[in-house]
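If you want the building blocks of each chain, they are given just below.
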Amino acid sequence: MTYPVPGPVSTTLPATRTTTPATPAVPAIRGPAVPARVPRPRAPAPLVPAAERMPARKLRTGPFSVLDIGSTKIVCLIGRGEPDNTIRILGHGWRRSHGVRSGGIVDLREAESAIRNAVAQAEDMATERRDSIFVNLSCGHPESRHINARWPIGGREITKADVNRIIAEGRLRAVSEGRSAIHTLPLDYAVDDTQEVLDPRGHLCDLLSARLHVIDANTTALRNLEAVLSRVELKIAGMVSSPLASGLAVMSEDERNLGATVVDMGGGLTSIGVFGEGRLLHTATIPVGGLHITRDIAQGLSTSIDSAERLKTMYGSAELLAGDDNDPILVQLIGDNDHHYVRISRSKIVSIIHPRVEETLEMIRDRLEMAAVGPAADGRVILTGGGSLLEGIGPMAARILNRQVRLGRPRRIVGLPENSATWPMFSTSAGLLAWAAGAADEMGEPDTRDARPGGLVRRFVDFIRDRV
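Now for a quick tour of the structure. (Residues numbered from 1 in each chain as written. Predicted model: local features only at pLDDT ≥ 70, side-chain atom pairs only at ≥ 80, totals over all residues. Heavy atoms only, no water.)

### Digging into unusual backbone geometry
Link 1 in the chain: Phi angles above zero are rare outside glycine, and Glu-233 is one such case at about 65°.
Link 2 in the chain: Tracing the chain through its elements places Glu-233 in the loop between helix H3 (219–231) and strand S12 (235–241).
Link 3 in the chain: Residues other than glycine seldom take positive phi values, yet Arg-412 does so here, at roughly 55°. (Helix = DSSP H or I, 4+ residues; strand = E, 2+ residues; numbered from the N terminus.)

Here it is in structure tokens:
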């Protein structure tokens, strides 16, 4: 469902029906008469929007295992790429999140138990054991920045190895104390004086330049994540930024090219990813999510967290609607008497939810204004994640953000748990599967582990860095 920007209604003239005159038959100039050519019947054109048709790139078959570590739930999916370029879920498992707060691991033992149970459930369903896994990056306070890198070519043809080397050079330049680079995504290249080259391979030049988008995170938090997974006997096959994964799951190719923003409203965090020209241009994280709304309800009504979550799910709304004062709701109060209930109206619950949602959307608006990535940040907004399921949040977001807003569900994936109404809760994990199946190639991030610039001193520095 799409929520347009509130404002005056524009008037559009009706389309004019035109009739194309029939083309007169042209008589043969010489030679015997040729019988009329009967056109060969053609299959009808598929009634599928261009953005939903199969991409040219084929998915890797897999299977792949992914893990979404969130503040409210931990999800493990095992899936494979199909010939029709969909992803089929072979096994899924999830548990309530323990030992995780605002995307970071705060209790290693509790997090290990929750991860172990979620992975075991998925492996039992898929009837196969996995020893490596793709994980979302939400811990370690991820940050996003752009850097420029250069690499001398010397007048010869640019090869794939040169592209890998300039990205590796940019990755080294992005290193800062206490932080580790997770993504080094090329935005565009310059071949000598020719700017905005998307793929420089095959060009002849003296100097290759690249504009890179680097996403990094706190090194200690990443090591703690790796330590927890090693206890579960899992190795990290790859780490993917959460807004990048969500964008790959819910956005169409046209949206990524024209410019759009995905807002994943999770339990402890709200992550933002701005896409344009097919690339991820900017990410940001807001330390507010659905759990904060639940706690507001629990405190405002003096009820338990579980009761507040139930009230939010069943009666919550971002906007006050007519009739919300009718039909009183029973709320169990916390205290010595387990059977102490009070009657409240739905408007009381909405009055608690509304300020928190309004504050979150205003913070998203401020982050988009600060992104400084050009017109891409002014495109439509796709809301996804569990928080996007709150009633009334779409129209409210369209008004505050002053942008067209729609609800985003994972696309081209078969076998997700629950039902399609709750699929936004699995956008990050579905995007992780898309990344594992080949979407990393679409974002232009190569494997630079063996493509670092040469030189004895540089190789020695890289050797020490890799082992410290």
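From this point, things continue past the structure.
### Notes on the pattern of salt bridges
Link 1 in the chain: Within this structure, the stated rule accounts for 23 salt bridges.
Link 2 in the chain: Put simply, Arg-231 and Glu-112 hold a salt bridge, and the shortest N to O gap is 3.6 Å. Taken as a pair, Arg-231 in helix H3 and Glu-112 in helix H1 (residues 108–126) lie far apart in primary sequence, 119 residues in all.
Link 3 in the chain: By relative accessible area, which is 40% here, Arg-231 ends up partly exposed.
Link 4 in the chain: Given a relative accessible area of 16%, Glu-112 falls into the buried group.
Link 5 in the chain: Note that Arg-129 is salt-bridged to Glu-123, the shortest N-O span being 3.5 Å.
Link 6 in the chain: For Arg-129, a relative accessible area of 51% corresponds to the exposed category. (Salt bridge = Lys/Arg side-chain N within 4 Å of Asp/Glu carboxyl O. Buried < 20%, exposed > 50% of the residue type's maximum accessible area, 1.4 Å probe, protein only.)

### Quick word on the sheet that holds strand S1 (residues 2–3)
Link 1 in the chain: Strand order in the open sheet formed by six strands is S1-S19-S18-S13-S14-S15, with mixed pairing between adjacent strands. Strands at the two margins of the open sheet, each flanked by one partner only, are S1 and strand S15 (279–286).
Link 2 in the chain: Here two bridges tie S1 to strand S19 (residues 405–407), and the two strands are oriented antiparallel to one another. Residue pairing across strands places Tyr-3 opposite Val-405, the latter belonging to S19.
Link 3 in the chain: Sheet strands in contact with helix H4 (residues 242–250) are strand S13 (260–265), strand S14 (270–276), S15, strand S18 (380–384) and S19, and its direction is about 60° off that of S14.
Link 4 in the chain: Across the face of the sheet, helix H9 (residues 393–401) comes into contact with S1, S13, S18 and S19 while running at roughly 145° to S18. (Pairing = 2+ DSSP bridges. Contact = heavy atoms within 4.5 Å. Axes fitted to C-alpha atoms, helices over the stretch in contact; angles between N-to-C directions.)

### With respect to the environment of Asn-164
Link 1 in the chain: Here Asn-164 shows up in helix H2 (residues 160–173).
Link 2 in the chain: By relative accessible area, which is 11% here, Asn-164 ends up buried.
Link 3 in the chain: Between the C-alpha atoms of Asn-164 and Glu-445, which are 281 residues apart in sequence, the distance is 8.7 Å.

### Topic: the environment of Arg-211
Link 1 in the chain: With respect to the helices and strands, Arg-211 occurs in strand S11 (residues 207–218).
Link 2 in the chain: Sequence separation of Arg-211 and Leu-187 is 24 residues, and the distance between their C-alpha atoms is 5.6 Å.
Link 3 in the chain: Each residue touching Arg-211, except ones within four places of it in the same chain, is listed here: His-146, Ile-147, Asn-148, Leu-185, Pro-186, Leu-187 and Asp-188.
Link 4 in the chain: Among the polar contacts listed, one links the side chain of Arg-211 to the side chain of Asp-188, at a separation of 2.7 Å. (Polar contact = N/O pair within 3.5 Å; in protein donor to acceptor, adjacent residues only side chain to side chain.)

### Let's talk about the packing of H1 against H3
Link 1 in the chain: Remark: H1 packs on H3, axes separated minimally by 9 Å, with the N-to-C direction vectors making an angle of 50°. Relative to H3, the element H1 lies oblique. As for how H1 packs across H3, the hand of that crossing is right-handed. In contact with Leu-108, Arg-109, Ala-111, Glu-112, Ile-115 and Arg-116 of H1, H3 contributes Asn-224, Val-228, Leu-229 and Arg-231.
Link 2 in the chain: For the contact of H1 with H3, the per-class residue count stands at five nonpolar, one polar and four charged. (Parallel < 35°, antiparallel > 145°, perpendicular 65-115°, else oblique. Left-handed = near helix turned anticlockwise from the far one by under 90°. Nonpolar A, V, L, I, M, F, W, Y, C, P; charged D, E, K, R; others polar.)

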